[in-house]
Amino acid sequence: GKNRLQFQRLKMSKLRLSYSILRFWLENKLDYLLDSYLHIPIKFPEGVLKIVKQGERFDKLIEETINKYKKLPDFLGEKKLSTPLTKPKIVKEFNDRVDIVGELDCFDKPFIYEFKTSIGITSSEYSDTLQIDFYFWLTKEIAEGCYLYRINPQTKNYDVSFIKKTERRLKKFEQVINENW
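Calculation rules
- Residues numbered from 1 in each chain as written.
- Predicted model: local features only at pLDDT ≥ 70, side-chain atom pairs only at ≥ 80, totals over all residues.
- Heavy atoms only, no water.
- Helix = DSSP H or I, 4+ residues; strand = E, 2+ residues; numbered from the N terminus.
- Expected span 1.5 Å × (residues − 1).
- Buried < 20%, exposed > 50% of the residue type's maximum accessible area, 1.4 Å probe, protein only.
- Contact = heavy atoms within 4.5 Å.
- Pairing = 2+ DSSP bridges.
- Axes fitted to C-alpha atoms, helices over the stretch in contact; angles between N-to-C directions.
- Phe/Tyr/Trp six-rings, centres within 6.5 Å; stacked < 30°, edge-to-face > 60°.
- Lys NZ or Arg CZ within 6 Å of the ring centre and 35° of its normal.
- Salt bridge = Lys/Arg side-chain N within 4 Å of Asp/Glu carboxyl O.
- Parallel < 35°, antiparallel > 145°, perpendicular 65-115°, else oblique.
- Left-handed = near helix turned anticlockwise from the far one by under 90°.
- Nonpolar A, V, L, I, M, F, W, Y, C, P; charged D, E, K, R; others polar.

A.B. asks: How do you make sense of helix H3 (residues 46-69) when you look at a structure like this?
C.D. replies: Three or four residues apart is the spacing at which side chains of an α-helix point the same way, because the helix has 3.6 residues per turn. If you check H3, its first and last C-alpha atoms are 35 Å apart, about what 24 residues at 1.5 Å a residue would give, namely 34 Å. Inspection of H3 places Gly55, Phe58, Ile62, Thr65 and Ile66 among the buried residues, and these make up the whole buried set. Where H3 is buried, its residues contact strand E2 (85-86), strand E5 (106-108), strand E6 (111-117) and strand E7 (145-151). Two residues or fewer after H3 comes Lys70, characterised by a positive phi angle close to 55°.

A.B. asks: Explain the sheet that holds E5 here, please?
C.D. replies: Across a sheet, strands are paired by hydrogen bonds formed along the backbone, either parallel or antiparallel in direction. Taken together, 5 strands build an open sheet; the order of strands is E2-E5-E6-E7-E8 and the sheet is mixed. The strands lining the two open edges of the sheet, one partner per strand, are E2 and strand E8 (158-164). Alignment of E2 against E5, held across 2 bridges, turns out to be antiparallel. Counted as the bridge partner of Thr86 is Cys106 from E5. Lying on the sheet, helix H5 (residues 130-138) is in contact with E6, E7 and E8; it crosses E6 at an angle near 150°.

A.B. asks: What is the right way to look at the packing of aromatic side chains in this model?
C.D. replies: Here a ring pair, both rings aromatic, is described through the centre-centre distance and the interplanar angle of the planes. All chains considered together, the criterion is met by 15 aromatic pairs. Between the aromatic rings of Phe111 and Phe162, the centroid separation amounts to 5.7 Å while the plane-to-plane angle is 75°, which identifies the pairing as edge-to-face. With Phe111 in strand E6 and Phe162 in strand E8, the pair connects residues that are 51 residues apart, well separated along the chain. On the basis of relative accessibility, which here comes to 43%, the residue Phe162 falls in the partly exposed class. Between Trp137 and Phe173, the ring centres sit 5.7 Å apart and the planes meet at 40°, which makes this aromatic pair tilted. Highlighted residues: Trp137 in helix H5 and Phe173 in helix H6 (residues 167-180), separated in sequence by 36 residues. Assessed through its relative accessible area of 0%, Phe173 is described here as buried. Taken together, Tyr19, Phe94, Phe134, Tyr135, Trp137 and Phe173 form an aromatic cluster joined through their ring pairs. Sitting over the face of the ring of Tyr69, Lys71 holds its NZ or CZ atom 6.0 Å from the ring centroid. Above the face of the Tyr147 ring, Lys79 is positioned so that its terminal group lies 3.6 Å from the ring centre.

A.B. asks: Teacher, can you tell me more about the pattern of salt bridges here?
C.D. replies: Side-chain pairing between opposite charges can occur once the charged atoms of the two side chains come close. Inspection of the entire model under this criterion finds 17 salt bridges. The partner of Lys14 in a salt bridge is Asp99, and the shortest N-O contact between them spans 3.0 Å. On the criterion of sequence distance, the pair formed by Lys14 in the segment before strand E1 (15-17) and Asp99 in strand E4 (residues 98-103) is long-range, its members being 85 residues apart. Judged by its relative accessible area of 22%, Lys14 is partly exposed.

A.B. asks: What's the story with the packing of helix H1 (residues 19-26) against H5 in this structure? I'm lost.
C.D. replies: To characterise two packed helices, one gives the angle between the axes of the helices and the distance between these axes. Between H1 and H5, whose axes approach to 11 Å, the crossing angle comes to 140°. Looking at the two axes, H1 sits oblique to H5. Judged by the twist between their axes, the crossing of H1 over H5 is right-handed. Residues Tyr19, Leu22 and Leu26 of H1 touch H5, and the partners they reach there are Leu130, Gln131 and Phe134. Among the residues forming the contact of H1 with H5, the class breakdown is 5 nonpolar, 1 polar and no charged.

So, in structure tokens, the structure goes:
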């Protein structure tokens, strides 16, 4: 018999919007956005790649310490946690076109713990990014605030900021999504 192509109507699925994809969209880094959406490893420039790998090493050490001892590592002050969940993945419907998807570094009800590695950017500067608003929106029913730790990988010193969840931050996030999708 003859080969026949059968076409079926494609059902469009919803956009699964992570913070990385949102950030790449807002920064007009469409190559990174596409790679991230398709789960293709991003080809960062060599200098950036070194920093990313360094951050991943700290991230792994922090996660292992929290899972084993229910506290932050010594280089972050050894704060005790009660019932920490590391790397919880959350998916929430935003509207009929978009699902918001996020993976927190740690959640210890009622607080989010976010860890950053940087030489030049402080926890206070990170606290003003949309990422925290993104996480607050995902956890709006259960989170009260976020402890954002910034580790300097060269000195192993850290600083921490506490960000309170507010209605203003939630609305800011919703406005960005509504304006772009």
